[in-house]
Each structure stands twice: as structure tokens, then as C-alpha cells.
Amino acid sequence: MTDFSDNTAEQRFEQDFEGPDGGTHSVWADYAAHGETRTILHVEADAALRGGGAASRFMQSLAEHARAEGLKLAPRCGYAVAWHKRHKDFDDVLA
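Within any chain, residue numbers begin from 1 and follow the written order of that chain's sequence. Given that the model is predicted, a residue must reach a pLDDT of at least 70 before its local features are reported, and side-chain atom pairs must reach 80 or more before they are shown or counted; all residues, however, enter totals for whole chains, interfaces and linings. Side-chain measures here rest on the full set of heavy atoms in the structure, leaving out hydrogens and waters.

**Concerning the pattern of salt bridges**
Logical step 1: Salt bridges are defined by distance alone: a side-chain nitrogen of Lys or Arg within 4 Å of a carboxyl oxygen of Asp or Glu. All chains considered together, the criterion is met by 3 salt bridges.
Logical step 2: Notably, a salt bridge pairs Asp30 with Arg12, separated by 2.8 Å at the nearest N-O pair. You can see Asp30 sitting in strand β3 (residues 24-34) and its partner Arg12 sitting in strand β2 (residues 12-18), a full 18 residues away along the chain.
Logical step 3: Residue classification places Asp30 among the partly exposed positions, given a relative accessible area of 22%.
Logical step 4: Among the ionic pairs, Asp92 bridges to Arg67, the shortest N-O distance being 2.7 Å. Here Asp92, found in the segment after α2 (78-86), pairs with Arg67, found in helix α1 (residues 54-69); they are 25 residues apart in sequence, far enough to count as distant.
Logical step 5: For Arg67, a relative accessible area of 39% gives the class partly exposed. A helix here means a DSSP run of H or I that spans at least four residues, while a strand means a run of E at least two residues long, and both kinds are numbered starting from the N terminus. Each residue gets one of three labels from its accessible area relative to the maximum for its type: buried under 20%, exposed over 50%, partly exposed in between, using a 1.4 Å probe on protein chains only.

**Regarding the sheet that holds strand β5 (residues 72-75)**
Logical step 1: A strand pair is defined by DSSP finding two or more bridges across the two strands. Spatially, β1-β2-β3-β4-β5 is the arrangement adopted by the 5 strands of the open sheet, whose pairing is mixed. The open sheet has two edge strands, β1 (5-7) and β5, and neither has a second partner. Going across the sheet, the axis of each strand differs from the next one's by a mean of 35 degrees, ignoring polarity.
Logical step 2: Here β3 runs beside strand β4 (residues 37-45); their pairing, made up of 8 bridges, is antiparallel. In the strand pairing of β4, His34 is matched with Thr37.
Logical step 3: In this analysis, two residues are considered to be in contact whenever any of their non-hydrogen atoms come within 4.5 Å of each other. Note on definitions: angles span 0 to 180 degrees between N-to-C directions of axes, and those axes are lines fitted to C-alpha atoms, for helices only across the stretch in contact. Running over the sheet, α1 touches β1, β2, β3, β4 and β5 and is turned about 135 degrees from β2.
Logical step 4: Strands in contact with α2 are β4 and β5; relative to β5, the strand with the most contacts, it is inclined by about 120 degrees.

**Quick notes on the pairing of β2**
Logical step 1: Burial of the side chains of β2 is restricted to one face: Phe13, Gln15 and Phe17 are buried, whereas none of Arg12, Glu14, Asp16 and Glu18 on the reverse face is.
Logical step 2: The sheet contact formed by β1 and β2 spans 3 bridges and is antiparallel. Looking at β2, one finds that Asn7 is bridged to Arg12.
Logical step 3: Counting the residues in the hairpin turn of β1 and β2 gives 4 residues, including Gln11, whose phi is positive at 50 degrees.
Logical step 4: Inspection of the sheet shows β2 paired to β3 by 7 bridges, in the antiparallel sense.

Right, here's the structure in full:
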């Protein structure tokens, strides 16, 4: 796993993980910025990472980043909404 990053030019949060094939693959979330709120529009993992928990680890990194940076998240993507419903310990970062 690599460090979580906020690619502001692309309005995309990104993180790389090692896949079962030994290669490096990405999970990302596209967002729209509205002041200190980031509306999570779409979360996607490279096919090699699907089913292995990388997207959930990414979402935890995203929530921890939001908390550390004083950002609020407004999940709109179905995966992001479902993840937040299962992880109430990050309700403080929700807009």
C-alpha cells in the first residue's frame, strides 16, 4: 500500500495497493469540491484488487484524511454510502 493522496488537479483521491499478482494497482474516488466539503461521486478499484478489501482500506484512508484535514465528506456513490453506514466511527467526517 502506498500513501493516500489528493490529486486536486483531477479532483480525485488515490491510493495504490499490491494486488494478488504482485503488481501495483489503484483505488480512486472522484469528487466535487464545495468549500471544505468533498462530494464523493464515484469510487473504483482496479479489477485486480476487487474482492480483496482494498476499496474498504482506501475508504478508511479517505475518512482519516478528511478528519486530519478538517474536511467533510458527502458520499453519493453507492459504495461510499454503504461503507459509511458500516463504519459509524467516521460519522464525524460526514457533511
